[in-house]
Amino acid sequence: MNFALYSDVILLKDIVEDGLFAGDIGTVVDIHVVDIHNVSGLETGYSVEFFDLLGNTRAVVTLPMSYFRQPTKSDIPTVRLLAEVA
């Protein structure tokens, strides 16, 4: 599954070091197409930006497409509180 630039995606795996968890919603901000002499087994990568509800960037990560899925009509956004950074 390929994702379009500026489309929303849902994270499938926790990225604890970046404060991200499965179910977080992000926006694709760059696409890294794998086209290195037809090397098999490599995935297209995506840089995805995650925001808080006020529009502030929480994290930007670059991961393979298997870390994301497209939203569906069955998805409901939820809210979780983050620990305050001192």
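As shown above, the structure is provided for reference.
Residues numbered from 1 in each chain as written. Predicted model: local features only at pLDDT ≥ 70, side-chain atom pairs only at ≥ 80, totals over all residues. Heavy atoms only, no water.

**Focus on a nonpolar patch on the surface**
Stage number 1. Side chains of Leu-5, Tyr-6, Ile-31 and Val-33 sit close together on the surface and give an oily, nonpolar patch of about 410 Å² of accessible area.
Stage number 2. Residue placement: Tyr-6 occurs in the segment before strand E1 (8-11).
Stage number 3. Overall, Tyr-6 belongs to the exposed group, its relative accessible area being 59%. (Patch = residues over 30% accessible without salt bridge, like charges linked within 9 Å, V, L, I, M, F, W, Y side chains within 5 Å. Areas by Shrake-Rupley, 256 points an atom, 1.4 Å probe, with all protein chains shown as cover. Salt bridge = Lys/Arg side-chain N within 4 Å of Asp/Glu carboxyl O. Helix = DSSP H or I, 4+ residues; strand = E, 2+ residues; numbered from the N terminus. Buried < 20%, exposed > 50% of the residue type's maximum accessible area, 1.4 Å probe, protein only.)

**As for the sheet that holds strand E2 (residues 25-32)**
Strands in a sheet are paired, the pairing made by backbone hydrogen bonds, and the direction either parallel or antiparallel.
Stage number 1. With antiparallel pairing, five strands are arranged side by side in an open sheet as E4-E3-E2-E1-E5. Two strands close off the open sheet at either side, each with one partner strand: strand E4 (57-64) and strand E5 (68-69).
Stage number 2. Note: strand E3 (residues 45-51) against E4, seven bridges, orientation antiparallel. Within E4, the position partnered with Val-48 by the bridge is Val-61. (Pairing = 2+ DSSP bridges.)

**Quick word on the side chain of Glu-49**
Stage number 1. Looking at the secondary structure, you find Glu-49 in strand E3.
Stage number 2. For the buried Glu-49, no salt bridge exists, and the shortest N-O distance to an oppositely charged side chain is 11 Å, to Arg-58.
Stage number 3. For Glu-49, the side chain forms a polar contact with the side chain of Thr-57, separated by 2.4 Å. (Lys, Arg positive; Asp, Glu negative; His and termini not counted. Polar contact = N/O pair within 3.5 Å; in protein donor to acceptor, adjacent residues only side chain to side chain.)

**Quick look at the environment of Thr-27**
Stage number 1. Tracing the sequence through the fold places Thr-27 in strand E2.
Stage number 2. When residues no more than four places from it in sequence are discounted, the contact partners of Thr-27 are Tyr-6, Ser-7, Asp-8, Ser-47, Val-48, Glu-49 and Phe-51.
Stage number 3. Within the structure, Thr-27 has its side chain in polar contact with the side chain of Asp-8 (distance 3.2 Å). (Contact = heavy atoms within 4.5 Å.)

**Observations concerning the pattern of salt bridges**
Stage number 1. Under the criterion given, the structure shown has two salt bridges.
Stage number 2. We note a salt bridge from Asp-24 to Arg-80, for which the minimum N-O separation is 2.5 Å. Within this pair, whereas Asp-24 is found in the loop between E1 and E2, its partner Arg-80 is found in the segment after E5, the two being separated by 56 residues in sequence.
Stage number 3. Its relative accessible area of 14% is what places Asp-24 among the buried residues.
Stage number 4. The residue Arg-69 makes a salt bridge to Asp-75 at a minimum N-O spacing of 2.8 Å.

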